[in-house]
Amino acid sequence: MKPVDFNFERPASLTDALELMSRDDMNVVALAGGQSLLPMMNFRMVRPDILVDLNGLDELRGSEIGPDRARIGAMTRYSDLASNAELMARLPLLASALPHVANSAIRNRGTLGGSIAMADPTTEMPAVMLALGATIRLASRDGERSVAADDFYLGYYESALESGELVIAIDVPTAAPGDAFGFYEVARRRGDRAMAGAAIARRNHEPRIAFFSVSDRPVRGFSAERILGENAASVEAAEGSLKEIDFHGDLHGGPDLKRHLARIVLRRAWAELQP
Amino acid sequence: MSRLHRVTIEINGEQVTASIAARVNLIDFIRTEAGFTGSHLGCEHGVCGACTIEVDGAAVRGCLMLAVQADGANVVTVEGLAGMGRAKNLRAAFLAENALQCGYCTPGMLVSALEYIESGESSDRATIRAHMAGNYCRCTGYQAIVDAIAAVIESGEGA
Amino acid sequence: MTGPATIFDKPNAYIGKSVSRSDARRLLEGRGRFVDDIQLPRTLHAAFLRSPYAHAEIVHIDSTEAETAPGVVRVFKGEDLIGVVEPYVGILTHLAGLRSAPQMPIAVDRARWQGEPVAMVVASTRGEAEDAAELIAADLDPIPEACDAETALDEDAPVIHPELGTNLAWERLVEVGDTDAAFSRDDVHVAERTFRFGRHTGVTLEPRSAIAEFNPAEGKLTFWYSGQAPHMMQFILAKHLGLVEENVRVVAHDVGGSFGIKIHTYGDEIATAAVARIMGRPVKFVADRFESFLSDIHARDHVVNARIAMERNGLIAGLEFDDLSGIGPYSMYPRTSAIEMNQVLNLTGAPYVLPNYRARGRVVFQNKNMMCQYRAVGHPIAMAIADCLLEDAAAGIGMDPVEVRRRNLMADDGYPRTSAAGMKLDDLSHQRTLQELIDTMDYSGLRIAQAEALANGIHRGIGFVSMVEVTNPSPMFYGVGGAPIASQDGASLRLDAGGGLRISSSITEQGQGTNTILAQIAAGVFGVPIERVTVATGDTDTAPYGGGTWASRGAGIGGEAMLLAAHALKEQVLEVAASMLQTTVSALDIREGMIVDGGGARISLSDLARTVYYRGNELPSDLNPELVATRHFRVTGFPFVFTNGAMAAHVEVDTETGLVRILNFWAVEDCGRAINPRLVEEQVRGGIVQGIGGALYEECIYSGDGQLQNATMEDYLVPMAAEMPDIVVKHVETPTKTSILGAKGAGEAGTGGAPAAIMNAVNDALRPLDASIWRMPMTPERILKALGRI
């Protein structure tokens, strides 16, 4: 279970990194925390010609907290996030979700940007960013652009990230007084990929509800948002509305299991919002 | 063939320099190039925790880092803990509680347990179990491991 | 059996004490020596190309490109080992009618499971060997496969070995009493269920590993491997590579978990030895985790249709079942893949008085990885059939599950006797262990709490198992059928000049604490502080001949051999001492390293040994001092020495998510004399957690066409710390009369019993919802389906 042979580059600046990423004659793969990528390389599912290690890019690490938004550098590790008390106070949904990400050793290396870019539909971070209405900031040699989390996820391990681009930061709206958040996931074992999970952010009585590990990408429950936005007590109707989601099964069970569990995680995550 | 990379890593206080291919992961480097075979490969995909080591003070998976990434880093493995007199009470507690059987998971188990104890967490068993959730042991059923960690914390004398 | 009773109560006795393990210190400082830690000069690393198909004709394998890849030394195909390796067949004569086909380490004409080796590369590094394996152009033509055991006997099923005619490997029938009459009575309650037990595997944390080195000057093969039975492996390598046995040295140093996975003949390991001989260079093979899942033996995978007839007073009137098990495309060599089914037929209902019993078992070939003996062979199936039907029927007649056991369990004073299946039983304590369990767990309090929880919509359940465990097997297990598997074990002790005791044994250490209990017995029986004992096991060049550690036989058989040898050496030493001290043997004893008499210490063992070794001139010329003793021991009179135990699980089922949380688990184990109670407890705990794995988590998930879907540790779920309960373990000690030591085995009870207790507890929790589940693992999806939620 050894990776294929590859060349390794450790650029000292984002500019250098983007230059390396721009090579289209080879399979150039960016290495962030590596906690998902290296297993895939060990499995030889990912076979880079060039591996571009982003771990030397201090400019992509750390967070800036503004009045209503936080900008989190893509190479900020989970453990950095969790130990940033001010950030956690302003992003309570993220704080709730982080302990569910794998385990401590993985959180010591894994990065937020890496998770976003990997677009694994079973993981927590994409759904949390979707619920929070985050914006993903991307850069390539040709410049920068922003994509709303709503538009970012396209399928299994598939996102709007284009060849030559890197996720450089995530802009996340921070909590305001009166906002409420809920997070719930069902996993067979602690730290496992969830069987199903829900992340909810409610601002001005308008909830954004994102599910993970129920479909080929993190998905929003739009009807449920509308129903619960109108009447916070109508959870049962909201659960019923989830049939609009395109459920995908996995080793835990088929779409019917996912549909059922989506209702449960919605109910339980929603219960966390209640005073 | 890719080019070789000359890397120097401080492992358990020893400077180890070698020219290696980029694909060599850190744990293979530690075991094969440096000859510290105390840390083990269990799954090579980051799940089992047998290769958990300290890199610049943080507990990480040795199979999920490339050796080239650790160039210039300071690495401590189970041998280093013993050599530097760290985790002495933890080892004694593992021995007293029989918190290991085959011993294959133990090097990673100790590093994860040490991280927990040194972070000042409580001796609450559920919290210990949650922290140790990333380290697989097929032999003990975990209870003795939890006992050992709790005993060290309750002793108040540190790891 | 009687013996030197003083060994259990003299001042320096260690038997019965929870001595800590000296091996553990070494392992805690990273000083273990596992196979992959050994780095020999000029080592070649092996990687295998494995069949991606469950069933395929091997049309052609072109290794031209692979042979020239960087670092590659050679590529071997199946045909390259013809004439080098004698094919092997997994049959035993005492399993009459069992059939299998000859097997080669690398497939020759056909690949018969996904994961079967079809080519082997040896290269300078494992990475290069893997690179080259990808470059092999293997023209494999998939052919229809027979994957599902339940259809493998159908008329139109592809026959995996055409020369055998059908996919039936073996069939056995047991019939006692008149079962038809019992079930046709109109005063009995009948409970009938179909049980399904998932395929699972051992997931040793250290994968299977081997290094082979052939020295042509001596014609000697040295084989370091991660295994449990060095002498068995010595025979197999010698026989199938055409070497004389004494020229094969097998060494098992530290072994990172085994659980029965590492007592079998694996093609990749045999190929490693064969290729080392051909190449004249050391060859190392360490299975990666994909290979572990695809080629380590699997186990369980039984479908059982079963029913029980119960009288209104709770007495069992009859039990019958039909067990079908798929074993993969071959019967595993040399232990065969028929043993698990055989055990199911032998053990089901063995704790109970069972007047009428009928069981049929069939094992069939299929195109999946091979199945064979894994920890608690057959036990979890046998215990679940009887104990889950028992509780099901008890619920049907409105009787408490404890009461129904009291009425049916064999009486503690009724031994020796035989079970329904004809197993000879003695020294068991079912009634007492059950009572101890009930007292320990506060059963009545739990029932009250359970009712209160239910009133709040929380579904909790309590489930039990009363069980037997097969331990200390006699030659009737394997040797009688022609297997090269020793049932006896040997132990040697040598008093060294410094007064220390060097001991060796043919049983092996995989973390159970084998070496520690051997030291305890030797130190205690002979009379030295345990710190003065050094233990050597696992090397066929130096260990006495014997079977190794499996089937919970180490302490009971190897321990008794050590006891006998230590006693013999003591007699020999005292004879020397009596001569030196001008007294009689009966006036002397050995304590704490000193020869003592009624007046106290007379001479140290070191002084005695130095006199013998250096200054023999001081001894009478007719005294021939012998400071080495060896003894062997085997079980006679019984095929197995059974242990028994009682366990209970307390669970909570989240009826919305289908997740089961184990709140409590209790076990009362009677393994006879516990040489080291803490080690016994840890065997029981570790075993229970593996049983929990089988009950709730572990399953090799195959697609219909024989593709293993979850060959990673992320997808194959093993029990982890966060979900496991603290487990209360208590002992009852009924020593076996087959030995002086009185020890039985303890390694498998937990794995054998826990699944039934948990299934009973889950069904107890589901009962108010009129739902039940009879399939393991009890996954959330299956529980939700049982509840009709999905």
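Residues numbered from 1 in each chain as written. Chains lettered and ligands numbered in written order. Predicted model: local features only at pLDDT ≥ 70, side-chain atom pairs only at ≥ 80, totals over all residues. Heavy atoms only, no water.

Participant: Help me understand the pairing of strand 12 (residues 283-286) of chain C, please; the structure alone is not making it clear to me.
Facilitator: Here is the key point about a regular strand: its side chains alternate between the two faces of the sheet. Residues and elements named next belong to chain C. Pairing geometry for strand 1 (residues 44-50) and strand 12, over 2 bridges, is parallel. Bridging across to strand 12, His 45 finds its partner in Lys 284. Pairing between strand 9 (residues 209-215) and strand 12: 4 bridges, direction antiparallel. Each bridged residue has a counterpart across the sheet, and for Ala 212 the counterpart in strand 12 is Val 283. (Pairing = 2+ DSSP bridges. Helix = DSSP H or I, 4+ residues; strand = E, 2+ residues; numbered from the N terminus.)

Participant: Is there a simple way to think about the side chain of Arg335(C) in this case?
Facilitator: All names here are of chain C. Along the chain, the position of Arg 335 falls in the loop between strand 14 (316-326) and helix 8 (339-347). No salt bridge is formed by the buried Arg 335. Its closest oppositely charged neighbour is Glu 748, at 9.4 Å. Those residues in contact with Arg 335 that lie beyond four places of it in its chain are Leu 92, Ala 229, Met 232, Ile 263, His 264, Gln 373, Tyr 478, Ile 485 and Trp 550. (Buried < 20%, exposed > 50% of the residue type's maximum accessible area, 1.4 Å probe, protein only. Lys, Arg positive; Asp, Glu negative; His and termini not counted. Salt bridge = Lys/Arg side-chain N within 4 Å of Asp/Glu carboxyl O. Contact = heavy atoms within 4.5 Å.)

Participant: Just checking my understanding: could you explain helix 8 (residues 124-132) of chain A for this structure?
Facilitator: Given 3.6 residues to a turn, an α-helix orients residues that are three or four positions apart in the same direction. All names here are of chain A. With respect to burial, helix 8 is a largely interior element, 9 of its 9 residues being buried. Among the residues making up helix 8, those that are buried are Glu 124, Met 125, Pro 126, Ala 127, Val 128, Met 129, Leu 130, Ala 131 and Leu 132. Phi turns positive one or two residues past the end of helix 8, at Gly 133, with a value near 70 degrees.

Participant: When you look at the interface of chain B and chain C in this model, what are you seeing that I'm missing?
Facilitator: A common way to express how large an interface is: the accessible area buried when the components associate. On the side of chain C, 52 residues touch chain B, which itself brings 47 residues to the contact. Across the interface of chain B and chain C, roughly 4100 Å² is buried in total on both sides, 56% from carbon and sulfur atoms. Together, Leu95(B), Tyr136(B) and Arg138(B) form the three largest contributors to the area buried by chain B at its contact with chain C, with a combined 19%. Viewed at the interface, chain C and chain B are joined by 7 salt bridges. Between Asp131(C) and Arg23(B) there is a salt bridge, with the nearest N and O atoms lying 2.6 Å from each other. Between the two partners, chain B and chain C, sit 24 residue pairs in polar contact (both at pLDDT 80 or more). Taken together, the elements giving at least two residues each to the side of chain B that touches chain C come down to helix 1 (26-33), helix 2 (78-83), helix 3 (88-97), helix 4 (106-118), helix 5 (125-131) and helix 6 (143-155) of chain B. (Buried area = accessible area lost by both parts, 1.4 Å probe. Polar contact = N/O pair within 3.5 Å; in protein donor to acceptor, adjacent residues only side chain to side chain.)

Participant: Mind showing me how you'd approach the sheet that holds strand 12 (residues 196-203) of chain A here?
Facilitator: To summarise the sheet geometry, strands pair through backbone hydrogen bonds and adopt either a parallel or an antiparallel arrangement. Residues and elements named next belong to chain A. Pairing in this open sheet of 4 strands is antiparallel, and the strands run 11-12-13-14 from one edge to the other. Of all the strands in the sheet, the pair left with one neighbour each is strand 11 (180-186) and strand 14 (219-220). Bridging between strand 13 (residues 206-212) and strand 14 involves 2 bridges; their strand directions are antiparallel. Paired with Ala 210 across the two strands is Arg 220, which belongs to strand 14. Sitting on the sheet, helix 8 touches strand 11, strand 12, strand 13 and strand 14, and the angle it makes with strand 13 is about 165 degrees. (Axes fitted to C-alpha atoms, helices over the stretch in contact; angles between N-to-C directions.)

Participant: So what exactly am I meant to see when it comes to the sheet that holds strand 14 of chain C here?
Facilitator: Residues and elements named next belong to chain C. The strand order 7-15-14-13-8-29 describes an open sheet built from 6 strands, whose pairing is mixed. On the outer flanks of this sheet lie strand 7 (168-176) and strand 29 (775-776), each paired with one strand and no other. Taken together, the 9 bridges between strand 13 (residues 298-311) and strand 14 define a ladder with antiparallel strand orientation. Bridge assignment links Arg 307 to a residue of strand 14, and that residue is Glu 320.

Participant: Just to check I follow, could you spell out the interface of chain A and chain C for this structure?
Facilitator: With 25 residues of chain A at the contact, the number on the chain C side is 33 residues. Carbon and sulfur atoms supply 56% of the area that chain A and chain C bury against each other, a total of about 2400 Å² over both sides. Summed over the shared surface of chain A and chain C, the result is 8 salt bridges. Linking Glu130(C) and Arg44(A) is a salt bridge whose minimum nitrogen-to-oxygen distance equals 3.7 Å. Inspection of the chain A/chain C interface yields 15 residue pairs in polar contact (both at pLDDT 80 or more). The leading source of residues in the side of chain A that touches chain C is helix 12 (residues 255-273) of chain A, at 7 residues. Here the residues of the side of chain A that touches chain C are counted per class, giving 10 nonpolar, 4 polar and 11 charged. (Nonpolar A, V, L, I, M, F, W, Y, C, P; charged D, E, K, R; others polar.)

Participant: I would appreciate a short explanation of the environment of Asp186(C) in the present structure.
Facilitator: With respect to the helices, strands and loops of the structure, Asp186(C) is situated in the loop between helix 4 (179-184) and strand 8 (188-201). Along the primary structure Asp186(C) and Glu311(C) are separated by 125 residues, whereas in three dimensions their C-alpha atoms are 9.5 Å apart.

Participant: Got a minute to help me understand the pattern of salt bridges in this structure?
Facilitator: For the structure on display, the rule yields 88 salt bridges over all chains. We note a salt bridge from Arg31(B) to Asp37(C), for which the minimum N-O separation is 2.9 Å. Note that Arg31(B) is positioned in helix 1 and Asp37(C) in the loop between helix 1 (22-28) and strand 1, a pairing that runs across two chains. We note a salt bridge from Asp180(C) to Arg358(C), for which the minimum N-O separation is 2.5 Å. Here Asp180(C), found in helix 4, pairs with Arg358(C), found in strand 15 (residues 357-364); they are 178 residues apart in sequence, far enough to count as distant.

Shape is all these values report; function is a separate question.
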